[in-house]
Amino acid sequence: MNTLKQTKVGASVRVVKLHGEGAVKRRIMDMGITKGAEIYVRKVAPLGDPIEVTVRGYELSLRKEDAEMIEVE
């Protein structure tokens, strides 16, 4: 299982599944990260947190904990 956290800078991936429960999963989905969405990893901060991605034409920053819940291919 590959997660968004493991994805290298400059790579494009597709969301396979969202892990997590309740409000956390709902917040991720509200940001436009749903099954089948294309995500492009733009940057990772020097200490690895946060991760800057492009989803559905807009830029978004995600914490490592949130990126770990997003299964990609």
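Since we're looking at a predicted model, the values are computed, not measured. (Residues numbered from 1 in each chain as written. Predicted model: local features only at pLDDT ≥ 70, side-chain atom pairs only at ≥ 80, totals over all residues. Heavy atoms only, no water.)

Considering the sheet that holds strand S5 (residues 58-62)
By definition, the strands of a sheet pair up through backbone hydrogen bonds, in either a parallel or an antiparallel sense. Spatial strand order, S1-S6-S2-S3-S4-S5: 6 strands in an open sheet with antiparallel pairing. Every other strand in the sheet has two partners, leaving strand S1 (2-3) and S5 as the edge strands with one partner each. The pairing of strand S2 (residues 12-18) with strand S3 (residues 38-44) spans 3 bridges and is antiparallel. Bridge assignment links arginine 14 to a residue of S3, and that residue is glutamate 38. (Pairing = 2+ DSSP bridges. Helix = DSSP H or I, 4+ residues; strand = E, 2+ residues; numbered from the N terminus.)

Brief notes about the pattern of salt bridges
What the rule picks out here adds up to 8 salt bridges. Across the salt bridge formed by glutamate 68 and lysine 5, the nearest N and O atoms sit 3.7 Å from each other. You can see glutamate 68 sitting in helix H2 (residues 64-68) and its partner lysine 5 sitting in the loop between S1 and S2, a full 63 residues away along the chain. Across the pair glutamate 65 and arginine 63 runs a salt bridge whose closest N-O atoms are separated by 3.7 Å. Of the residues examined, glutamate 65 reaches a relative accessible area of 43% and is grouped as partly exposed. When salt bridges that share partners are traced, they join Arg27, Arg63, Glu65 and Asp66 into one network. (Salt bridge = Lys/Arg side-chain N within 4 Å of Asp/Glu carboxyl O. Buried < 20%, exposed > 50% of the residue type's maximum accessible area, 1.4 Å probe, protein only.)

Observations regarding the environment of isoleucine 33
Note on placement: isoleucine 33 falls in the loop between helix H1 (22-30) and S3. Considering only alpha carbons, one finds isoleucine 33 and lysine 5, 28 residues apart in sequence, at a separation of 14 Å. Residues in contact with isoleucine 33, not counting those within four places in the same chain, are Val15, Leu18, Ile28, Ile39, Val55, Leu60, Leu62 and Ile70. (Contact = heavy atoms within 4.5 Å.)

Focus on the side chain of aspartate 66
Looking at the element boundaries, aspartate 66 is found in helix H2. With residues up to four places along the chain from it excluded, the contact list for aspartate 66 reads Val24, Arg27 and Ile28.

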